[in-house]
Amino acid sequence: MISREHFAGWHRNRFVWVTVILLVVSAAAVVLLNRADPEAEAADLQGQIMARMRTTLEQADPGQHNHAGHTAQQVTTEKPAVICGVRVYGYEPAEVTALADVRTVYGFHLCGVAEQRRPWDVAVKLAGPVIMDMSTSPPGIQVVEATADVMFTDRLREMFPEKYAELALKEALTASEMADQRRRYDAAAGL
C-alpha cells in the first residue's frame, strides 16, 4: 500500500523528472519536425531540380544538347561519359513545392565529354542556357542558339521569361558547382 507521505514526495524522485524531461523533448521534436519550413523546402526542391537536370543531361546523347555542331571525337567504341554542371535560374509553375509538379526549368549547363586521358582544357564542351520540359519522360532539352537570322541575345529573350533571361545573360555556374564538375570530369577521364 502506498502511504500518503510516499505519494506526496513523488516530485522529489529523479526518475519522474527524467521521464518528464524526455516527454517534453520528444513532444518538441515532433512539433519541430512536423512544422514545414518553406525555405528548407525551396532549397530541397532546388537541389532536386539540379540533380534531375544534371542526370538528364549526362544520360542524354550529346547531340540532344549539342551546340554549333560540336561532337565528341570517338577513338574507341566505348561511349565517353558526359559530365555536366548545372545552374537553375527558375522553374514554372514557380509556386510548386514538389519536383513532380515542376513543368519547365530554365537554367544553364556546362558539359564536358570525358574522353579517356583528355584534360578538361581540350575536352569537347557543350554549354549555354537550357530549357528542360519536365512534363515528358525523359525530360525534353532545348538549348538557346543563335541562327543566321536571330542573334543569341534575341533568341534567349524569345525563349526565356524576362526575369530568367536577365540571369542567363549575366550568370553561369557557381564556383562550387564548377569545382564539383571538374572533379567528376577528371575522375571520368581517368586523370
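Residues numbered from 1 in each chain as written. Predicted model: local features only at pLDDT ≥ 70, side-chain atom pairs only at ≥ 80, totals over all residues. Heavy atoms only, no water.

Asker: Is there a simple way to explain the state of the cysteines in this structure?
Answerer: Two cysteines, two sulfur atoms, one covalent bond between them: this is a disulfide. All told, the structure shown has 1 disulfide when counted by the stated rule. Each disulfide pairs two cysteine sulfurs, and for Cys 84 the partner residue is Cys 111, the sulfurs being separated by 2.0 Å. Disulfide Cys 84-Cys 111: the torsion about the S-S bond is 110°, which places it as right-handed. Separated by 27 residues along the polypeptide, Cys 84 in strand β1 (residues 81–92) and Cys 111 in strand β2 (residues 104–114) bring together distant segments of the chain. There is no split in this pair, since Cys 84 and Cys 111 are both buried. (Disulfide = S-S within 2.5 Å. Helix = DSSP H or I, 4+ residues; strand = E, 2+ residues; numbered from the N terminus. Buried < 20%, exposed > 50% of the residue type's maximum accessible area, 1.4 Å probe, protein only.)

Asker: So what exactly am I meant to see when it comes to the pairing of β2 here?
Answerer: Remark: a regular strand shows side chains that alternate across the two faces of the sheet. With respect to burial, β2 is a largely interior element, 10 of its 11 residues being buried. Where β1 and β2 come together, 11 bridges link them in antiparallel fashion. If you follow Gly 90 over to β2, its bridge partner there is Tyr 106. Bridge count for β2 against strand β3 (residues 125–133) is 9 bridges, and the pairing is antiparallel. Considered in β3, the bridge of Val 105 is made with Met 132. (Pairing = 2+ DSSP bridges.)

Asker: Looking at this structure, I do not really get helix α5 (residues 162–170). What am I missing?
Answerer: Working note: α-helix, 3.6 residues per turn, so residues spaced by three or four point in the same direction. Tyr 164, Ala 165 and Ala 168 are the residues of α5 that are buried. Within α5, the buried residues cover an arc of 105° as seen down the axis, which keeps them to one side. α5 presents Glu 162, Lys 163 and Lys 170 as exposed residues on the side facing more than 90 degrees away from its buried surface. Close packing links the buried residues of α5 with β1, β2, β3 and α4 (152–159). (Arc of directions from axis to C-beta. Contact = heavy atoms within 4.5 Å.)

Geometric descriptors of this kind do not, in isolation, establish any biological role.
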